[in-house]
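# Notes for the structure review
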Amino acid sequence: MDWKGQKLSEELMQILLLVFGGVAFITGYATSSFRTMMLIYAGAVLFTTMITVPNWPFFNRHPLKWLDPIQAEKYPKPELTNVISKKKKNKHY
Amino acid sequence: MHSFGYRANALLTFAVTILAFICAIASFSDNFSNQTPSTQIQILNINWFQKQPHGNDEVSLTLNITAGLQSLFTWNTKQVFAFVAAECETSKNALNQVSLWDAIIPEKEHAKFWIQISNKYRFLDQGHNLRGKDFNLTLHWHVMPKTGKMFADKIVMSGYRLPDAYR
């Protein structure tokens, strides 16, 4: 998943569980059936799992742009040796 | 949210938290039920009233118990535990309670009942103070929920009296 997809997955999961939790409670209270409430909620958890956990294509609509291998060679990683020696000089006061 | 395991864990944790919250408000909703239980107990007969070898009084009663406890059942009730206790005051203790009979009522349909029975548990005293004693018969009930808080209450019926002499 890309970054936006991850955010979408998390928000979708929270909203779905909250809304279904509320629906389950209201339906159970209205029908005076504890069993109904539990069944609706169990179904809701399974449904939310199917939608938000696997890596569906719609979570990958803003894919990350990695650099091409040739471009990466043009901008090599900077070396660290100069930085270390400067730090050692400062310690001597 | 970067991996399958991470998302599955987050979802399960949140789902269990929401479930706990749902059960808490289900229990809270029990406060809004209108409860109007009723009961009547009649002592049909005092079978015998003796002093036991160790010096304690014992009574055997035949009770006629009528109760209408249907309104105690809510959607969140698993069962109702009801018991009848005899209460009296003696010179030693301000309040003595002896449980005479109990029952578990699993469903609303069984909550309206009429039963004629001798006391299930022995009506014993600590000592020999029961002759001519006035006592109350109290029906206690505990409403046991499917989730959450258990409620308990009682109805006190007074005006019962034991005979003045052993039989």
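Because the structure is a prediction, the values reported are computed rather than measured. Along each chain, the written sequence defines residue order, and numbers are assigned to residues from 1. Chains carry letters and ligands carry numbers; both start at the beginning, A for chains and 1 for ligands, and go up in the order they are written. Two thresholds apply to this predicted model, a pLDDT of at least 70 for residue-level local features and 80 or more for giving and counting side-chain atom pairs, whereas whole-chain, interface and lining totals are computed over all residues. The side-chain values count all of the structure's non-hydrogen atoms but skip hydrogen atoms and water molecules.

Take the overall build of chain A next. Each helix is a run of H or I in the DSSP string that is no shorter than four residues. Each strand is a run of E no shorter than two, and both are numbered from the N terminus. Looking only at helices and strands, chain A features four helices and zero strands. Taken from the N to the C terminus, the helices and strands of chain A come in the order α-α-α-α. Every one of the 93 residues in chain A was classed for burial, and the buried ones make up 23%. The long-range share in chain A, meaning contacts at least 24 apart out of those at least 6 apart in sequence, stands at 70%. Accessible surface area values rest on a Shrake-Rupley calculation with a 1.4 Å probe, where residue burial reflects the displayed protein chains alone. Of the accessible surface of chain A, which amounts to about 7,700 Å², a share of 66% is contributed by carbon and sulfur atoms. A simple rule labels every residue: compare its accessible area, found with a 1.4 Å probe on the protein chains alone, to the largest value its type can have, and call it buried under 20%, exposed over 50%, or partly exposed in between. Only heavy atoms matter for contacts: two residues are in contact if any of them lie within 4.5 Å across the pair.

Turning our attention to the nonpolar core. Here, the term nonpolar core denotes a set of buried Ala, Val, Leu, Ile, Met, Phe, Trp, Tyr and Cys residues that are joined through side-chain atoms within 4.5 Å. In this structure, B:Leu69, B:Phe123 and B:Leu137 are the most contacted members of the largest nonpolar core, which totals 32 residues. Those elements giving two or more residues to this core turn out to be strand 1 (38–51), strand 2 (57–68), strand 3 (77–88), strand 4 (96–105), strand 7 (134–145) and strand 8 (151–161) of chain B. Apart from residues lying up to four places away in sequence, B:Leu69 is in contact with B:Pro37, B:Ser38, B:Ala82, B:Ile105, B:Ala111, B:Phe113, B:Leu139 and B:Trp141. Residues A:Ala24, A:Phe25, A:Tyr41 and B:Trp75 belong to the second largest nonpolar core, which totals 16 residues.

Every residue is assigned a pLDDT by the predictor, reflecting its confidence on a scale from 0 to 100. Per-residue pLDDT for chain B has a mean of 89; in total, 100% of the residues score no lower than 70. Our summary of model confidence lists the complex with pTM equal to 0.77 and ipTM equal to 0.76.

In this section: the interface of chain A and chain B. Contact residues are listed per partner, giving 25 residues for chain A and 21 residues for chain B. Taking both partners together, chain A and chain B bury about 2,000 Å²; carbon and sulfur atoms supply 82% of that area. Take a side-chain nitrogen of Lys or Arg and a carboxyl oxygen of Asp or Glu: if they are within 4 Å of each other, that pair is a salt bridge. Between chain A and chain B we count zero salt bridges in total. We call two N or O atoms a polar contact when they sit within 3.5 Å, provided that within protein one can donate a hydrogen and the other can accept it, with sequence-adjacent residues counted only if both atoms are side-chain atoms. Our count for the chain A to chain B interface comes out at two residue pairs in polar contact (both at pLDDT 80 or more). At the level of secondary structure, the elements contributing two or more residues to the side of chain A that touches chain B comprise helix 1 (3–31) and helix 2 (34–52) of chain A. At eleven residues, the largest contribution of residues to the side of chain A that touches chain B is made by helix 1 of chain A. The class makeup of the residues in the side of chain A that touches chain B is 13 nonpolar, eleven polar and one charged. Two parts placed together each lose some accessible area under a 1.4 Å probe, and adding up what both lose gives the buried area. Only Asp, Glu, Lys and Arg are considered charged in this grouping, and only Ala, Val, Leu, Ile, Met, Phe, Trp, Tyr, Cys and Pro are considered nonpolar; every other residue, Gly among them, is considered polar.

Interpretation of the predicted coordinates at a detailed level should be avoided for regions scoring low in pLDDT. Averaged over all residues, the pLDDT of chain A is 84; the fraction at 70 or higher stands at 84%. Looking over chain A, one finds the lowest element-wise mean pLDDT in helix 4 (residues 81–90) of chain A, namely 60, and the highest in helix 2 of chain A, namely 93.

Here the expected span of a helix is defined as 1.5 Å times the quantity of residues minus one. Its 25 residues give helix 1 (residues 4–28) of chain B an end-to-end C-alpha distance of 36 Å, which sits within 8% of 36 Å, the value for a rise of 1.5 Å per residue. Looking only at helix 1 of chain B, the buried set comprises B:Arg7, B:Leu11, B:Ala15, B:Ile18, B:Ile22, B:Cys23, B:Ala26 and B:Ser27. In this structure, the buried side of helix 1 of chain B is in contact with helix 1 and helix 2 of chain A.

Once that is clear, we can look at the UniProt feature "transmembrane region" (unreviewed entry) in chain A. Residues and elements named next belong to chain A. The sites that UniProt annotates as "transmembrane region" (unreviewed entry) are residues 12–31 and 38–59. Overall, residues 12–31 shows 100% helix and 0% strand. The separation of its end C-alpha atoms is 28 Å. Its end C-alpha atoms 30 Å apart, residues 38–59 is made of 68% helix and 0% strand. UniProt positions are given in the numbering used here, feature names are shortened, and annotations may be inferred rather than shown by experiment.

What follows concerns the environment of B:Arg122. Residue and element names in this part refer to chain B. Examined against the element boundaries, arginine 122 turns out to sit in the loop between strand 5 (112–118) and strand 6 (123–124). In this structure the C-alpha to C-alpha distance between arginine 122 and leucine 61, which are 61 residues apart in sequence, comes to 9.4 Å. Each residue touching arginine 122, except ones within four places of it in the same chain, is listed here: Gln52, Glu58 and Val98.

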